[in-house]
Structure formats: C-alpha cells, structure tokens
Amino acid sequence: MLIPCPHCGIRPVEEFTFLGDAKPQRPQSNDPATMDQWFDYVYLRDNPRGLFDEYVHHSGGCRSWMVVTRNTETHEIKACVPARDYKKKQS
Amino acid sequence: MSGFRLPNGGLIDRNQPISFTFDGKKYYGFKGDTLASALIANGIHLMGRSFKYHRPRGVITAGAAEPNALVELRSGGRKEANTRATMVELYEGLEANSQNRWPSLNLDVGATNSLGAAFFVAGFYYKTFMWPKSFWEKVYEPIIRKVAGLGTASKEADPDNYEKAYAHCDLLVIGSGPAGLMAALAGARGGARVIMADEQFALGGSLLFEREEIDGKGGLDWAQRVIAELAVMPNVTLMPRTTVFGWYDGNVFGAVERVNDHVAVPPVHEPRQRYWRIFAKKAVLAAGAEERPLVFGGNDVPGVMTASAMRHYANRFGVAAGENPVVFTNNAYAKRTVGKVLDVSDRKIVNVSGGKRVTGVELDDHSHVACDAVAMSGGWSPIVNLMCHRGAKPQWSEKITAFVPPNVGEAFVSVGAANGSMLLSEALREGAVAGTLKGKAPNIPSCHDETFVITPFWHVKESMGKAFVDYQNDSTAKDLPLAAREGYEDVELAKRYTTTGMATDQGKLGNVNAIALLAEATGKSMAEVGTTTFRPFYTPVSFGAFAGHSRGHHFQPVRKTPLHEWAEEQGAVFVETGLWMRSSWFPREGEDWLAAATREVLATRNSVGLCDVTTLGKIDIQGEDAGAFLDKLYCNTFSTLAVGKARYGLMLREDGIVMDDGTTSRLAENHFLMTTTTANAAKIMSHIEFCHQALWPDIDVTYASVTEQWAQLAIAGPKARATLNKIIDGAALDDMNTPYLAAREITILDGIEARLFRISFSGEHAYELAVPADNGNTVARALMHAGAEFGITPYGLEALSIMRIEKGHVAGAELNGTTTAGDLGLGKMMSTKKDYIGRMMATREGLHDANRQCVVGIRPVDVKDKLHSGSHLLKRGDAPSMTNDQGYITSVAWSPMLNMWLGLALLSNGRARYGQVVKVFDGLRNIHMFAEICDPMHFDTKNERLHV
Amino acid sequence: MKYSAFSIFTNALSGHKNWQPAWRNPDPKPAYDIIIVGGGGHGLATAYYLAKEFELKNIAVLEKGWLGSGNIGRNTTIIRSNYMLPGNNPFYELSMKLWEGLEQDFNFNAMVSQRGVLNLYHTDPQRDAFARRGNAMRIDGVDAELLDRDAVREMYPHFDYDNARFPIRGGLLQRRGGTVRHDAVAWGYARGSDMRGVDIIQNCEVKSIRTEQGRVVGVETSRGFIVCKKLGLAAAGHSSEVAAMAGIKLPIESHVLQAFVSEGLKPFIDGVVTFGAGHFYVSQSDKGGLVFGGDLDGYNSYARRGNLPMVEHVVEAGVAMIPALSRIRLLRSWGGVMDMSMDGSPIIDKTSVQGIYLNAGWCYGGFKATPASGFCFAHLIAKDEPQHTATAYRLDRFRRGYMLDEKGQGATPNLH
C-alpha cells in the first residue's frame, strides 16, 4: 500500500502508523451531562465497509498526523490531508 | 542407460559435463540441464513418492508447476526440503535425495497405503480415529504426524545471507516469452524504465522449447536478438531466476531473485537470494499458460507427463522422455509432440500399465498399446494467479475452455497466453500494445500461427485404476463427486474436504480439472462452480528471503546510550530494555547480580552513587501555549509551575487509565522539558504530536524528542552535592540556589552546558545532570574522579529498582495499562479545574469501584521468606480460586536497608488493609507463605533523606 | 448416519456411493423461533447447543456465503485457556473442557490435539508478567508451568539460544493447550445441528433487520424475508455492519490479520510456541505444514488480505526464534477480518433491542473460544441470562468502566 504524504510524496505503508477513525470529534465540555458524548467519542465506531477517514501518522517520515480517506474493502486511497486541515474543515 | 540423451540439439553445453548425486549415486549431466532433465537423461524416471498413497512418481512437467519430483537438495544447514527438480539448475557437486519414502525410493514401505485406498478416500479421517478417546492423541495422531509432510527440514542454522531490495519502474514485465519480450521492447524503446522478470534461468519463455517461426527466423533466434537489444539498454533491467510471487496494494509486487541457488556455495559477500519489492507504474502479465493433465486411470505412472513437458525435455535439454511415446490429447497443439496420437474424440486411455515406468496403455476398446511414455494434454490454463491476488476472480472462457484473467484496471494487464490469447501473433501484438507507454508501438514481426482447437474433455469415465486430479495430495476423480454427495458442494468446501489444490503446487495442474469434475457432479457450469481463492505466493518463498539481514544479533537494532563506553569501563552487565542496552549492575570480583546491586544500594544511600538514566524519554516543548498544552496532557497542572522548577506529572489515556509518568521542568516562561518512562518515550512523543496536530492545531507550541541528544546521569546520596560541587562552574550548590525540585541550566567543567535537576527516584538527596550526548563519557569519568574521595559507586537498573521499591515509588509494573491514578495512590493529582486527556472517562463508576486493586506495600511475615513478582494474594483461610483472588505482587526487592525481601502489590481495597496478613499463592513455584500488607513506603517514611 | 471406522468399511464395499450428506441444503422457512446470523464456528456452535443442550426447535443459521467461509476457515487453529483476568479465564477453561469432549460429543474427528502451548519470555519483566498469568491460571486449577531456559531448550533444542538478539530466558507452558482442525469444527457443529433439526441456510445474506417498537420482528435476506422471535448475531468481522441494521453502534473496528502456512515437512516442531520478542507464533499441522502468524497489519480492513511489511515482520521474528526456518518455504498467505474490540475481550450480551442478542468482539482469539462461545450464547438466548463464566462480557462494561483488558492497551483496537 502506498500513501501520498502531502509533505513527503508517495511513501510505502511501513513508514506509517494507523490510529483509527478520524471522524469522532472530541467533546468541548467537561459537564458530566455530556458523558454519553465522551463515551461515543472514545468507544463507539461506525467501522464502515467502504470509504473511511482514518488518522495516520507518518512516524517513519515527517512525523505529521494526517487523515487518509481509504476504501476499507479495496484499500484504494482517495485522499491524504494534514489532520489539522481535516479537523478545521470538520468544525 | 545413455539412450535418453539425444545425440545433439538442446540448449545445454555438451562441453561442460557436471557431476551430481541422487540418492547417493553419482551421475553426469551438462551445464544448462535442470536436475530433472539430467535425471531423465540418465534413465531415472522414478523421482518421488506421493503424499498419501506413496505411489511411485516421476516428473509431469518441466517447470514451476511440478507436483511430483520433489527432492531434498543439499545437506546440513543448507538443506532444502520439497525442492522441485524441474527448477533446480544443475551445478557441479549437486547433492539431491528423494523424499517421503522408506527405506528407499524404489522399495517404499509406505506404498502399502495403496492397499487401503478404498478406505482412505477423501475425508476418511474425519469419520474415524475417535475411539477409544485417548487413542487419538496417544496413538493415531503421533503416527499420522510422523508420516505427514514430505521432505525433512534441517534443524541447523542457515549459513547463507539474504538481501532485501527495492526497485521502481515504469513497466514491469512478468515473463520473457514472445508476449513479454515485445512488451519490454515496446516500453524500453519508448524510454520507459523497464524491468523484465522470469522465473527461469534462461529468458525466452516458450520459445526455449517450441519450434516457432518469427520474422522469418527460428523463434529462439528472434528471442535472442531481442534479449541482446534489451540487455544493453540503460533503462532496462533483465531479471532471470526471479519469480514475481505476489501482487499487493499500490501496484506493489513481491519477487525473489535466486542470486546464487545455481552454485554450490554463494561467493563471499553475495546473498543466496534477494527479496525485491517492486513499485511499478504499470505491469504486464506475460506468464503464459499451464498445460493441463487429462484425468484417466494410471495418469500418474512415471513416464506420463504433459505434452509440452515432453517437448521441453527434447528441444531445450536434448533429452527424450521415451523412445516410443503415445500422445493423448483433446487439443491440436499437443500433436506437435512426436509420438502416436490418440485424440479423445477417437480413443481414450483407461489405464496405464507399468508400476515404476510406463510399459503400455489400455484403451477403451480393450486394446493395448505398448509405449514407454505418455504425453497428455487436457488443454491450457492461463497463469492468472497474480492478477487474482487482490480478490478478483478469473472468468470462464468457453472459447479456449479455460479460466482467463479478470479485468483489474489499467495498471496491471495480461497479454498472450496468460490472457487466453493462444495464437503467437496475438501474443506478439498484445505484448507490443501493452508495453507501449509513449509514442508508437514497435512493428509486430510476422510469424506462423497454429490454430488452437480444443474439445472440452476432462476425464475418462471408463477409467480402470486410479485417475489423479491432485497429484501431490493423491486426490482422485472419485473424490470430487464424493465431496459433493456429502454436502461439500461449494468449490471451497470441496477443496478443503478432498485437499485438492492444497499441496505445495497449490493446484496449478489439478484445480481446473477438479472444478470440471465438481461441475459434472453437481450439474453446475464451470463458471457457476468457479475457482478457489488465489493467494500469494505464486511459488513458495524461503523464510530467509523475507528475513533478509534481520537475523541473529541483527534481528533488531541495538540502542546504546552515550554513556555506554563509560559503563563498559566500569564493568557493567547490560540487559535489554526494549531495544536499549541498559547497565543493570556493576559486579566486582565474585559478585552475582544480587550481591552487586546490594553493595551499590548501600554505597549510594551511605555516600554517593552514579547511574545512567539517559534512556528515559526527554521531550523539549516550547511556545507561548506550552504550559497550557501540558495542562491538557497531564492530569495535574503545569502552567502554574514556576520557572526553574520541576514537577512530577501523571498522564492519562483518554479512557482515564494511567498512561505514563515523569518529571517535567520549566526552564523558561515558554520552555519546558518533559521526561517519560523509557518504555513509553516513543508512544508519548506520538501522542504529543497527535494532540497538537489533530486536537488543538491552533495553539502555539513546538516540540522535539531529545532523548538521545542529552546524556543523563543520576547522582544520589548524602555526598551527591559535595561531588557535584567539584565539577560545577560558578557558585556551589546549596538549598537556596538549588532547592528540592529545582531545574537549572548551568555549565560544568569550565563551560560544558548542562541541565541540573534536583529530583530523586531513589529517595536520597539526589540530582540528575544532563549534558550534550558527546560529553557523556567525559562527564561521567569526571564525576567518578570527583566522587572518588567519597567512594562514589556506579549503580545500575537493579539497584535503582531496589531503591524505588524501598520508597514505594510506582513504575512500569504498577503502570500496567489497567491501573488508575486512584489505584496508584495518586488520585489527588487529578485536577478538577481544567480539561485534560482522560478527565471525563476517569469518572466512570467502574474506575472507582471499592474492590479495585490498589498499590500497597508487602512484606513476608517470616523475614527469611523470599517474595516473588507474579505471586497472587488470598485472604488467610480462603481456598485458592479466581473468585477468591485478591490481587498479585507487582515488584519485589531484597532491601539492604531493612534486611528482608519486600515489595509492592496490587490488592483489592488494599489501602484499607494495612496490617492485614494475607496468604501468598504461587502454584508455579510451589510457594507457601504469608505476608503482611503495609504502606508502600517501606523506608525513610518521612522523606527526610531527600533534604539531607 | 454415525461416523466410525466400521461405517467407512461398509461404505468402501459399496464404492462410497451411500454416504449421506453431512447436512441438508434446505430453503428458508417463512419463520423460525430463533435465527442465528453467521454460519461460522460460533454461529454453528450456538445452534448446536441450542438444539442439543437446551432442546430448542425451529432454529435457522443464515450464512451469506458457504458454510465456514469466515474466520473459522482461516485461523491458525490454536486452543488454550491461559488468560489472566477473572472475567476471562473461567470462560476459556470451559471452552477447553468442551474441546476435550467434543469429538465424542458431535461424532466428528476434529483432531483435538493438546500438545502444549509455550509462551517464551526474554526479560525479567516478561517473566514476571507470565508468572502473574500462570498463577492466575493455577489459582483456578488450570494447568500452567513456568519453565527456565534449560527446560525450554530440552523441549526445543533447535531454537536460537546462543546467537539471539533477545535470548530466550524461559517460558510459560500450558500442556493442555494445542490445536484443533478448524474446518472439522465447522463441519462437526454443522452436521450435529442439522441432525437435530437446525436449518443451515447457505448463500443467504441478511440485508436488513426489521424491528417494531423496540422488538425484533424478522430479517430481510437475499432469499426473502424471514420472521423470528429471537435473533442472535454471530457475524464476526462484520459485527458492526449487522448491528447497524438494528441501529446499534459497537465498540469494534474490523482489522485484517494475516496467517501463513509452509510447505509440508516431516515433524519439525511439536507443540505451539509463541515468540516473546516479536510477534510470531507457530505450530505444525497434522499434514506437516507449519501454520504461523503474527500481528495485525494495523489498518481497518474488510479485504481479507494484507501487505508485505507485516509478512516481513512475522518472518523476521520467526527466523529470530528458529534460525533453521530460513531454508523452509512459505507456501500460502491469507487474511481474515477481525472484530477488534475496545478492550481486546469479547461481547456476549443482549442488546437494547428486545430479542436481539450479540456475540462479537473476538479480536483474533475467537477460535479457541468456539465451544464456550456457542454454549454461552445459546444459554443467553435460551434463558435470557448469561452463563456464569460469561458474565463479564457485557456490552455496557465500556460505559461503566469494567473493561477486560488483558494487554493493558486501552481504547485502541489495533493494539490488542
């Protein structure tokens, strides 16, 4: 599998570490009433068969955290953007 | 008998004879022979015994699909079991032995299995071997395991080396027959970077043995001209002896190059094999097609082989498989083979006579034809494997009665016979088109086409005697209908139930025949039955190739601290901690680890000790928001930390469980230095990067790992300050300028920059001194010199452990990934005034359950008893059971200060049980003793020694 | 028809033409009392015990592909009961006891072979962790032994003791651990269920789940709509997809695990061994191939295949453990879809929908659990109460903070 790092170009998969679903957003509030949101954020996952946005760390390269959009059934990679850009777009 | 070598012809070099041994006897062949061709040339047709029935077997093919002629090649640490004789390039002194037979190939006791064949049908073992109950493991299975397998692997280490390499190209051509050569030529002439790989040691593919005419000359002649042109082009890499074994995501191909498998011993500094990862923009599969056997009685007698194999031996190796062969075929191509032709539409073979060598065939009209070899052909199967490795299935083609490759996109295409195009002109044209990446395709040479005509025909129903489908696993024509009858109808179930296609050849010859038999038994079409899943590896790959240089000591890198040299000088014994080599104790004459560590503890606590603590993670964090960032990472507060101070910090995971601890110091308003445990340094670094980039990307902070950039020493004990004062530049250290938990940037030894932290893991008045790595050894030696008058003693990880356990400090054994801050006795550190990682999930009820195990101190009731880490704890009087289990001992030490074994434990509701006596359970080490629960801080309970 | 040496003998005399199908191939009925989604090891075992132990009727198992095409047909066949947490090991020990009686129970030779599972250790902290685990086993009466280097060397002299980067220091041995022929487990449970009236419906994919007022009504499948009173989900790898049909979101990620087999060899390694300084475990099948594997590739996947870097990692670790492996050849690699849960432990529980029961989250450890999983899931479905060894496998343990985390890695599925 080859990942198109925006900083380093196309690099092989062994340079990267995968963390999981990038869609869940960390809640802003510490109010106990928001516990269900926190639980959702930490534990529950859509786990889609198909397109999936995942956190990927270029640990063996530029050390950037990125979000890769990849098809979990075919492994085809559609996009790879810096995590900060993905998160900015989300909010 | 020399008659099998033809008097002339073949691509062998008759001026270079080669001697080799097979089953202990010496024979001769020529350079250019394979082991198989040389054996046939010497009149040897019996080369192996099949798996189940131990039937005598000879070669069926001349290439990679060979299921029968498997030998043990070489000896000692170089021995390779299950090696196909058809793929072994003959070399001087080659040593080969047949397999799976006893006492000899010729007289194999295992052949008596054949007598029980009626019982040993597919799946028989699932229906029996169950009684009496104990017999499966005690009697049946040991026997089955002894006779299972084919060859015997060596148990000695492999003396050869292996390399790993990467290659990038615009065009990867797999196969060097007519289609492949045209593709490579087209790509290369257009300027593309081309790699052409072929599993054979000679390039040319089918042109090596088929008599074709291309461009008005012989096919091989044409091929050699093309190869010569390619060989001198700088943008072309020719890779013979290289099998492309797998197709992976990103159009990545795995391949193995047999660099030195064709010599007795690889030259010094050369690898035996090289594993390649090839990144190809486009790839062309020009691997050709595999000829199928026909399924008929006796189709496995030595001397029965595919028609193309017979031509291969004759034309390429100058070896006649027989003097008067019979050609049994359902298609026209096979009729090129010299012999008496039997077309299936005319006559069928129902049995072959001769046990160890063909002596004749019996036909369906009861006539008998004498012959000494049978060339069979059931059609051709495009070698689709690689294109199906990513989950696509091949398609059935009625036109050529075969499965052809699926469409998997533009980056990987098939050409020629691999594509189901059986005409030579098609191969040449498709290759040229596929290989043309830029500009015009090269001219297609003219050639003579032979029409491919085939009558779909699979097996002779009237067969007498066993008709084999999977040669190696001995599955026969009767097994497939049996599987269907019993409900294993799906092709995948039939495969598993009959083991068809599960041998070392992975069904290259047999799978399509099996599908046909299954189709017939179930009334489905070939397309409906379909194929089983194709998986890497196209042909088997040695473990060594994938391991490369990562063997023995080089399995993983060794990390040494900048103080390693100094520690070695001091006689340190090093122990692996992850990849690090950490100095663990410094034995003097006659000391074991315990004696050394005990002495080191006493010396440190009584005077001064010196320890290398470089491996603990160090992360430099700077920026206007650095303090606020640390407040997010730690459960306690750091933005309030004064400049010039250090603070112990506890980091949680987002699920509220403790992740790591360390001491973080503030060197300036916007400059912090974080430390982590050794084990978690890399993990915390990644975590910091994630938190900044993904969670709080807008804050002003920057960070770098500086673990290796700074050598760090702990100087601990009552004389620590006095020792340091002898190397510090400027004012001597005192409680005013360097109070407990101070963090200062200083210089030492006339200008070496350093950082000084007054922190203590040992509980003593102690410091940690960080200097740039290159100065490490110098500074360590200078400290040893400075502390000589105080008897300064180097101490290692063992002594460090003893001291921290005496003081009840938690470490890795207690931070086990399931403990909370509360469990560790650090619940008060969790701020309620700020957001931080883990704050919310830490409030879950289960993480505050009263029965949770928390850290306590533990001591044996009888001071003569020893404690062991991993022992469990029970209430006195409770019988051992998981329900009664109260916890376990996490860390133990022999305490020189208290003169007894003591430790830390995780005990259910432990903090309420100080003074209680518990039973220690250790079934592994047969220990029976009692212990008392106490405060984890065993020694210097008021922490007075910190301020001495 | 009972399987035995005698039945083989009599059938041989008639040319093996009279064997009955091991299971029927029925069309789905319009309604069942209980439907199990997933015709793999756990689903078939559940149906078997529902019929045999709890004597229930009118049960169907729906399998979207061919029987046993999921992880039951792809795993590396290891069985063991060497877990350390109180919520876990009694369950795995129940499974071990069921394995020990299985062949006689369902009249199919699953080749249960208890040749020992040895976990090597290479450092003191590892030894201590193994001691903790071994004593957790022993405290409950399960067999475990802590071996030193010499004892390991006696069992396996051809491992690397002298030249290793991480020298072997000893191992934790469970002698009752071993291997079982995985396909035979699916086939044995299938035949045993079918014989007791369970309809096993292959090529029947569940497309959606119909519920009314918080209760299950039935399932829409590729072979029509089927009514049911109770629905048991046992579709590991695809648990999230199936649960989503009922509006349930799970703490699970699907990951690829690769596994491998070597060419068949004469006896080379006797029991099951796991390397402690890298991810590698190996055993030798009764046909002679070395069956081995290592870690997950690391990325979410439903593709059932992985990539080369993990192949290299696994093989490097193998050669580090046994240098003689170098000359042996890998024959085939494959992959499966793992239900990686958020604490590494499984879920056997009711759900928020009345009548829907969930069996999921087995990570890569589901095979050894097959009998107990089937038994406990059947118990739950039949009695609406968890079996006593499976009480910790609740879905709400994540919400409440009662995770069963053997590895201590937390809410990151690919680290378990």
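Shown above is the structure to which this text applies.
Attention in this report is confined to the structure presented alongside it. What you are looking at is a predicted structure, and each value in this text was computed from that prediction instead of being measured.

### Quick look at the overall build of chain A
Secondary structure assignment for chain A yields two helices and six strands. What you see in chain A, going N to C, is helices and strands ordered as β-β-β-α-β-β-β-α. The principal-axis extent of the C-alpha atoms belonging to chain A is close to 45 × 25 × 20 Å. Evaluated residue by residue, chain A yields a buried proportion of 53% over its 91 residues. At a minimum sequence separation of 6, the contacts of chain A that also span at least 24 residues come to 48%. Accessible surface, chain A: about 4100 Å² in total, of which carbon and sulfur atoms supply 50%. A gap of 5 Å separates the mean positions of the 12 positive and 12 negative side-chain charges of chain A.

### Things to note about the interface of chain C and chain A
Tallying the contact residues gives 25 residues for chain C and 26 residues for chain A. Summing the contributions of chain C and of chain A, the shared interface buries around 2300 Å²; its carbon and sulfur component is 53%. Per-residue buried area on chain C facing chain A is highest for C:Lys249, C:Tyr302 and C:Arg399; these three make up 28% of the total on that side. If you look at where chain C meets chain A, you find four salt bridges. For C:Arg399, the salt bridge goes to A:Asp36, with nearest N and O atoms at 2.9 Å. The interface formed by chain C and chain A contains 12 residue pairs in polar contact (both at pLDDT 80 or more).

### Some remarks on the sheet that holds strand β44 (residues 793-794) of chain B
Residues and elements named next belong to chain B. Read across the sheet, six strands follow the order β41-β42-β43-β40-β34-β44 without closing on themselves; strand pairing throughout is mixed. Among the strands making up the open sheet, the edge pair consists of β41 (743-748) and β44. Two strands pair when backbone bridges link them, and β41 and strand β42 (residues 752-757) are joined in this way by six bridges, in the antiparallel orientation. Bridge pairing links Ala743 to Phe757 in β42.

### Digging into the interface of chain C and chain B
Reports often express the size of an interface as the amount of accessible area lost when the parts come together. Contact with chain C, which involves 119 residues of that partner, is made by 122 residues of chain B. Both faces considered, chain C and chain B share a buried interface measuring about 10300 Å² in area, 56% of it formed by carbon and sulfur atoms. Sorting the residues of chain C by area buried against chain B places C:Ile139, C:Arg165 and C:Arg327 first, and these three jointly supply 10% of that buried surface. Counting across the interface, chain C meets chain B through 12 salt bridges. For B:Lys164, the salt bridge is made with C:Glu312, and the minimal N-O distance between the two is 2.5 Å. Our count for the chain C to chain B interface comes out at 67 residue pairs in polar contact (both at pLDDT 80 or more). The greatest single-element share of the side of chain C that touches chain B, amounting to 10 residues, is contributed by helix α4 (residues 124-139) of chain C. Of the residues assigned to the side of chain C that touches chain B, the class counts are 56 nonpolar, 32 polar and 31 charged.

### Observations concerning the pattern of salt bridges
Within the structure shown, the criterion is met by 101 salt bridges over all chains. Measuring nitrogen to oxygen at the nearest pair gives 2.8 Å for the salt bridge that ties B:Arg311 to B:Glu210. Of this pair, B:Arg311 sits in helix α5 (residues 307-317) while B:Glu210 sits in the loop between β9 (194-197) and β10 (213-214), and the two are 101 residues apart along the sequence. Take B:Arg311: its relative accessible area is 6%, and that puts it in the buried class. It is possible to trace a salt-bridge network through shared partners that takes in B:Arg74, B:Arg78, B:Glu80, B:Asp158, B:Asp160, B:Asp261, B:Arg272, C:Glu263, C:Arg327 and C:Arg329.

### Details of the packing of helix α2 (residues 83-90) of chain A against helix α15 (residues 681-695) of chain B
Interhelical geometry of α2(A) versus α15(B) gives an angle of 40° and a closest axis separation of 7 Å. Here α15(B) runs oblique to α2(A), going by the angle between their axes. Touching A:Ala83, A:Arg84 and A:Lys87 of α2(A) are B:His692, B:Gln693 and B:Ala694, all from α15(B). Looking at the contact of α2(A) with α15(B) residue by residue, the class counts come to two nonpolar, two polar and two charged.

### A few points about the packing of helix α13 (residues 593-606) of chain B against helix α18 (residues 797-806) of chain B
Residue and element names in this part refer to chain B. Their axes nearest at 8 Å, the elements α13 and α18 cross at an angle of 60°. Classified by the interaxial angle, the pair formed by α13 and α18 is oblique. Where α13 crosses over α18, the handedness of that crossing is right-handed. Residue-level contacts link Trp593, Ala597, Glu600, Val601, Thr604 and Arg605 of α13 to Glu798, Ala799, Ile802, Met803 and Glu806 of α18. Taken together, the residues of the contact of α13 with α18 sort by class into six nonpolar, one polar and four charged.

### A look at the environment of C:Gly170
Residue and element names in this part refer to chain C. Secondary-structure assignment places Gly170 in strand β6 (residues 170-174). In this structure the C-alpha to C-alpha distance between Gly170 and Leu146, which are 24 residues apart in sequence, comes to 7.5 Å. Discounting chain neighbours no more than four positions away, the residues touching Gly170 are Asn119, Leu120, Tyr121, Leu147, Asp148, Arg149 and Val152.

### Quick look at a nonpolar patch on the surface
Residues B:Phe119, C:Phe6, C:Phe9 and C:Leu13 make up a contiguous nonpolar surface patch of roughly 450 Å² in combined accessible area. As for its placement among the helices and strands, B:Phe119 is situated in the loop between β7 (94-98) and α2 (135-147).

### So, the sheet that holds strand β6 (residues 77-82) of chain A
All names here are of chain A. Taking strand neighbours across the sheet as the criterion, the four strands line up as β3-β4-β5-β6 in an open arrangement whose pairing is antiparallel. Edge positions in the sheet fall to β3 (17-21) and β6, since each has one partner strand and no second. Neighbouring strand axes in the sheet, compared pairwise and without regard to direction, differ in orientation by 30° on average. Pairing geometry for strand β5 (residues 65-71) and β6, over five bridges, is antiparallel. Bridge pairing in β6 links Val67 to Val81.

### Things to note about the layout of surface pockets
Where empty space is left in the structure can be found by rolling a water-sized probe over the atoms. By volume, the second largest pocket is sized at about 1400 Å³. Along its surface, the second largest pocket is lined by 49 residues, and B:Gln853, C:Leu85, C:Pro86, C:Gly87 and C:Leu404 are the ones closest to its centre. Counting only elements with at least two residues in the lining of the second largest pocket, the list comes to β46 (872-875), β47 (887-895) and β48 (900-908) of chain B together with α4 and α10 (397-400) of chain C. Looking at side-chain class alone, the lining of the second largest pocket contains 16 nonpolar, 18 polar and 15 charged residues.

### So, the side chain of C:His122
Note on placement: C:His122 falls in the loop between β4 (117-121) and α4. At 2.8 Å, the side chain of C:His122 forms a polar contact with the backbone oxygen of C:Phe166. Leave out the neighbours within four places in its chain, and C:His122 touches B:Glu576, C:Phe166, C:Pro167, C:Ile168, C:Arg169, C:Phe275, C:Gly276 and C:Ala277.

### Some remarks on the nonpolar core
Ranked by size, the top nonpolar core spans 98 residues in total, and within it B:Tyr488, B:Met526, C:Leu67, C:Phe91, C:Trp187 and C:Tyr189 carry the most contacts. With near-sequence residues (within four places) excluded, C:Leu67 lies in contact with B:Leu493, C:Trp23, C:Gly39, C:Leu44, C:Ala186, C:Trp187, C:Ala190, C:Ile200 and C:Gln202. By size, the runner-up hydrophobic cluster in this structure holds 70 residues, among which are A:Met35, B:Leu633, C:Ile201 and C:Ile356.

What counts and what doesn't
- Residues numbered from 1 in each chain as written.
- Chains lettered and ligands numbered in written order.
- Predicted model: local features only at pLDDT ≥ 70, side-chain atom pairs only at ≥ 80, totals over all residues.
- Heavy atoms only, no water.
- Helix = DSSP H or I, 4+ residues; strand = E, 2+ residues; numbered from the N terminus.
- Buried < 20%, exposed > 50% of the residue type's maximum accessible area, 1.4 Å probe, protein only.
- Contact = heavy atoms within 4.5 Å.
- Areas by Shrake-Rupley, 256 points an atom, 1.4 Å probe, with all protein chains shown as cover.
- Lys, Arg positive; Asp, Glu negative; His and termini not counted.
- Charge placed at Lys NZ, Arg CZ, Asp CG, Glu CD.
- Buried area = accessible area lost by both parts, 1.4 Å probe.
- Salt bridge = Lys/Arg side-chain N within 4 Å of Asp/Glu carboxyl O.
- Polar contact = N/O pair within 3.5 Å; in protein donor to acceptor, adjacent residues only side chain to side chain.
- Pairing = 2+ DSSP bridges.
- Nonpolar A, V, L, I, M, F, W, Y, C, P; charged D, E, K, R; others polar.
- Axes fitted to C-alpha atoms, helices over the stretch in contact; angles between N-to-C directions.
- Parallel < 35°, antiparallel > 145°, perpendicular 65-115°, else oblique.
- Left-handed = near helix turned anticlockwise from the far one by under 90°.
- Patch = residues over 30% accessible without salt bridge, like charges linked within 9 Å, V, L, I, M, F, W, Y side chains within 5 Å.
- 1 Å grid on protein atoms, 1.4 Å probe; cavity = no way out; pocket = protein on both sides within 12 Å on 5 of 7 lines; lining within 4 Å.
- Points joined across faces, edges and corners; volume = space filled by probe spheres on them.
- Core = buried A, V, L, I, M, F, W, Y, C linked by side-chain atoms within 4.5 Å.

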